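Close look at the chain arrangement
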Amino acid sequence: MEGHLLALFLNLTEGSQQEGSDDGPDFLSEEDRGLRAINVDLQTDAALQVDISDALSERDKVKFTVHTKSSLPNFKQNEFSVVRQHEEFIWLHDSFVENEDYAGYIIPPAPPRPDFDASREKLQKLGEGEGSMTKEEFTKMKQELEAEYLAIFKKTVAMHEVFLCRVAAHPILRKDLNFHVFLEYNQDLSVRGKNKKEKLEDFFKNMVKSADGVIVSGVKDVDDFFEHERTFLVEYHNRVKDASAKSDKMTRSHKNVADDYNRIGSSLYALGTQDSTDICKFFLKVSELFDKTRKIEARVSADEDLKLSDLLKYYLRESQAAKDLLYRRSRSLVDYENANKALDKARAKNKDVLQAETTQQICCQKFEKISESAKQELIDFKTRRVAAFRKNLVELAELELKHAKGNLQLLQSCLAVLNGDT
Amino acid sequence: MAAEREPPPLGEARPAELEELEDGEELFASTVSTMESSPSSPEPASLPAEDLSTNSNGPKPTEIMLDDDREDLFAEATEEVSLDSPERDPILSPEPTPAITPVTPTTLVAPRMESKSVTSTAIFDRSREEIEEEANGDMFDIEINVSDPEKVGDGMNAYMAYRVTTKTSLSMFHKNEFSVKRRFSDFLGLHSKLATKYMHIGYIVPPAPEKSIVGMTKVKVGKEDSSSTEFVEKRRAALERYLQRTVKHPTLLQDPDLRQFLESSELPRAVNTQALSGAGILRMVNKAADAVNKMTIKMNESDAWFEEKQQQFENLDQQLKKLHASVEALVCHRKELSANTAAFAKSAAMLGNSEDHTALSRALSQLAEVEEKIDQLHQEQAFADFYVFSELLGDYIRLIAAVKGVFDHRMKCWQKWQDAQVTLQKKREAEAKLQLANKPDKLQQAKDEIKEWETKVQQGEKDFEQISKTIRKEVGRFEKERVKDFKTVIIKYLESLVQTQQQLIKYWEAFLPEAKAIA
């Protein structure tokens, strides 16, 4: 069903593969925005279209410009933009989670916090070590680190945008008032990050929830569908977690290899410029080869990161959100069963029967409502998942092929020149 | 093999040369360093050369008469006779020449040179190219393989024995193809002998592979894991390269010790190669002493060529070390990549198993398979990274150390010459004093001493000129070899990269339709 977002991983970083032609980390090129638009669900295009049109990276925060185009009557204008920070996204997400009405839906997972620490640290180290390397090396490494910073930046923008797009595509969530406020209110939402006390509260809440989750999951579900889903999700979630971690490690190793090529290229260049024999031309050519092949290897690493690691990471979060949905349903089931028991007791004692009946009614309705939407949500989840995997695996294979062919051509033409010379 | 001197059976030209030779013992002196100044014929030495002392300053070289040997080698050898002749200048050109500078006075012995019976004039008329051709044609027709590492013995006395197979058409060997079993210390022993004989007169002797106490202990103890197999393989390859380099050297190829190493089934155990032996410690002490001396010798370099070359080698050394470090890092990271890819493959397979959408599940399993194959590919590439590229760099770093050593020997040689001059001066002054003091008996002794030191000074100068000449030639040869080596190896390495990419393409092309088939 194309009604759902097929591409949850925006092709931003693909556009960034032209080294050096990128704008600074603060601006997104027109091209990138164009690409993203293609990935947004076409069905919701007319009604509500959300994207992040710009982003600014300041010291330790990122400011996203959220741009909305809508024909819905709820909004004052048809097109408008606001500036939001990460904490405000979290606030929105948490408001969904806490809203009882949405208990039956998979809440789109919150985007991860922008983390430039590692990159910043590397840039700093580079600055400190400037004296110990040649000018060429320094420039090379600086460019590399800047590219890395840019890639991380674009990724975080993509994650935040995906969250908003998922909300905008969801038939119920898109109508949420908080969401509209988020999109439209052009002042600061004054959502501060949680202070220590609140974080502690959260911690306890989570503990209670997971303890409860264990109890609740012990309750066998009558419904086969949900029983199957639960078993599936638990195992799937764990395996996705493992695959995501291993994919990360693999991607990082690839990057290390690319970095080594960089250093080898520099050393060969130094050898080539200093050698007195006729091998210097040879060295220079090979040095050039290493420089070029390194760029390709770096791209392989980046593409694997994007198409594989990020895919797995996202589904790690989504499968958690699906698990949360199942938990809420189980919780409501337990509540329903408890309400039944209470009602029986009340009837037996003939005390507070009305109240017990009302409670029981409420619980029943709640449970049924959740069950109904949950079923659909889980089916949609599967469809989305299959589509996303398909798209990304195909793109991964295509990119790997493209890079391998590029590498091969480089190597072969270099060999032709070298063999011709000798 | 008892050494015997045969009268050269050639034509008239020969005796003329001989006369020349006998008059100027310098010939021997120059090719043979600390030869006693007596004009006696070269002493027969016996194989095995156990009487070689480990004195690094130049023991008596083994002078072996090669009865079996024939033509070509001596054609070039006789060219060397012309040392004192005016034709000397072309020889001194810095171009790489294939001519051999034999240590032994085999120039005297010109056994059964049939069609190659050349008169002294004829030799000089011969063009350089002809000689080169001959040299190339004959010299490099030898192929050495080191294979089949086999553990012999048990416990701490165990060792690895390697099979050394030689294939050659060179006539100086008894057979065309033969093999022997050698252990690591045998190789070290060979190198030690060659270095002692040749380095102090300016020849760049390829260094032997390094010892590794840790590596060897693991093997001895019997750990059959991959790291000890790797260690043995690394060592085997290094020994092979070492021998191949050594036989490529035209002078070393003629050395009897080398021949014995390659040919004879039994080899006396080289005990002095152990690191912790008395000889080992003596070596370390000598090395330290050398280092100190190097710092104190201030040579008046009259020849800019040497200064330039030394600087060049210094730079090359630094650059190679840097490159080597980068390549070692690459090997390490690629091995990591291989391991991480394998881990991911397993994880993807698990994920595929738990995926309940059939087509996606199948695709994920396929992905896992692809990644597994790719991990193998990475492993093979890491192998190539190491054995082709990294080891070459390591070898050259050690070779350059040997080149530097040879330059140092030249400095020492110069120092010796200078010292002799100083002593001569002192002796002259002493004599002058005695003359004034009028002590006739002591005077005679002083005069004798002066004569002695005059000879020594002359000898010193000749030695210095000879070593300078040899070094120029050697450096030329070394540079040529280096260029060839690097080009060959780097091209081989790039070809390994090509193969990897081609395989990658195959694997991903096979996967793509599987991914597209997810419905």
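Residues numbered from 1 in each chain as written. Chains lettered and ligands numbered in written order. Predicted model: local features only at pLDDT ≥ 70, side-chain atom pairs only at ≥ 80, totals over all residues. Heavy atoms only, no water.

Focus on the overall build of chain B
Across its full length, chain B holds 15 helices and 3 strands. Looking at chain B as a whole, 52% of its 519 residues are labelled buried. Long-range contacts, defined here as pairs at least 24 residues apart, represent 77% of the contacts in chain B between residues at least 6 apart. Just so you have it, chain B exposes about 24,400 Å², and 52% of that area is on carbon and sulfur atoms. (Helix = DSSP H or I, 4+ residues; strand = E, 2+ residues; numbered from the N terminus. Buried < 20%, exposed > 50% of the residue type's maximum accessible area, 1.4 Å probe, protein only. Contact = heavy atoms within 4.5 Å. Areas by Shrake-Rupley, 256 points an atom, 1.4 Å probe, with all protein chains shown as cover.)

With respect to the sheet that holds strand 3 (residues 177-183) of chain B
Residue and element names in this part refer to chain B. Judged by pairing direction, the sheet is antiparallel, and its 3 strands sit side by side in the order 1-2-3 without closing on themselves. What marks the edges here is a single partner per strand, and that holds for strand 1 (142-152) and strand 3. Pairs of neighbouring strands in the sheet enclose a mean axial angle of 20°, with direction left out of account. Pairing analysis gives 7 bridges linking strand 2 (residues 159-168) to strand 3, with the strands arranged antiparallel. Directly across from Thr166, in strand 3, lies its bridge partner Phe178. Each of strand 1 and strand 2 touches helix 9 (residues 226-248); the most contacted strand, strand 1, lies at about 150° to it. Its contacts with the sheet put helix 11 (residues 256-263) on strand 1, strand 2 and strand 3, and the angle it makes with strand 3 is roughly 95°. (Pairing = 2+ DSSP bridges. Axes fitted to C-alpha atoms, helices over the stretch in contact; angles between N-to-C directions.)

Quick look at the pattern of salt bridges
Opposite charge on two side chains makes pairing possible when the charged atoms of those side chains draw close. All names here are of chain B. Overall, the coordinates contain 54 salt bridges over all chains when judged by the stated rule. Across the salt bridge formed by Glu240 and Arg236, the nearest N and O atoms sit 3.3 Å from each other. Taken together, the residues span about one helical turn, with Glu240 and Arg236 both in helix 9 at a distance of 4 residues. Side by side, Glu240 and Arg236 carry an identical accessibility label, which is buried. Between Glu481 and Lys248 there is a salt bridge, with its nearest N and O atoms 3.6 Å apart. Of this pair, Glu481 sits in helix 15 (residues 440-516) while Lys248 sits in helix 9, placing them 233 residues apart in sequence. (Salt bridge = Lys/Arg side-chain N within 4 Å of Asp/Glu carboxyl O.)

Some points on the interface of chain B and chain A
At the junction of the two partners, chain B supplies 57 residues and chain A supplies 63 residues. Interface area for chain B against chain A, summed over the two sides, is near 5,400 Å², with a carbon-plus-sulfur share of 71%. Along the contact surface separating chain B from chain A lie 5 salt bridges. Our count for the contact surface shared by chain B and chain A stands at 14 residue pairs in polar contact (both at pLDDT 80 or more). If you list the elements that add at least two residues to the side of chain B that touches chain A, you get helix 13 (304-354), helix 14 (358-437) and helix 15 of chain B. Take the side of chain B that touches chain A: its biggest share by element is 24 residues, from helix 13 of chain B. Among the residues making up the side of chain B that touches chain A, the classes are represented as 31 nonpolar, 14 polar and 12 charged. (Buried area = accessible area lost by both parts, 1.4 Å probe. Polar contact = N/O pair within 3.5 Å; in protein donor to acceptor, adjacent residues only side chain to side chain. Nonpolar A, V, L, I, M, F, W, Y, C, P; charged D, E, K, R; others polar.)

Brief notes about the confidence of the model for chain A
Per-residue confidence for chain A gives a mean pLDDT of 82, with 86% of residues at or over 70. Counted against residues more than four places away or in other chains, residues 1-44 of chain A, with its pLDDT under 50, gives 94 contacts. (pLDDT = per-residue confidence, 0-100.)

Re the packing of aromatic side chains
A full pass over the atoms with the stated rule returns 30 aromatic pairs over all chains. Between A:Phe283 and B:Phe486, the ring centres sit 5.7 Å apart and the planes meet at 85°, which makes this aromatic pair edge-to-face. Here A:Phe283, found in helix 9 (residues 279-349), pairs with B:Phe486, found in helix 15, and the two come from separate chains. Judged by its relative accessible area of 1%, A:Phe283 is buried. With a relative accessible area of 1%, B:Phe486 lands in the buried category. (Phe/Tyr/Trp six-rings, centres within 6.5 Å; stacked < 30°, edge-to-face > 60°.)

A word on the packing of helix 4 (residues 117-128) of chain A against helix 5 (residues 135-169) of chain A
Residue and element names in this part refer to chain A. Contact pair helix 4 / helix 5: the axes reach a minimum separation of 10 Å and the direction vectors enclose 165°. Considered as vectors, helix 4 and helix 5 are oriented roughly antiparallel to each other. The two elements helix 4 and helix 5 meet at a crossing, and its hand is left-handed. Here Ser119, Arg120, Lys122, Leu123 and Leu126 of helix 4 lie close against helix 5, whose contacting residues are Phe138, Met141, Lys142, Leu145, Glu148, Tyr149 and Ile152. Per-class residue counts for the contact of helix 4 with helix 5 are 7 nonpolar, 1 polar and 4 charged. (Parallel < 35°, antiparallel > 145°, perpendicular 65-115°, else oblique. Left-handed = near helix turned anticlockwise from the far one by under 90°.)

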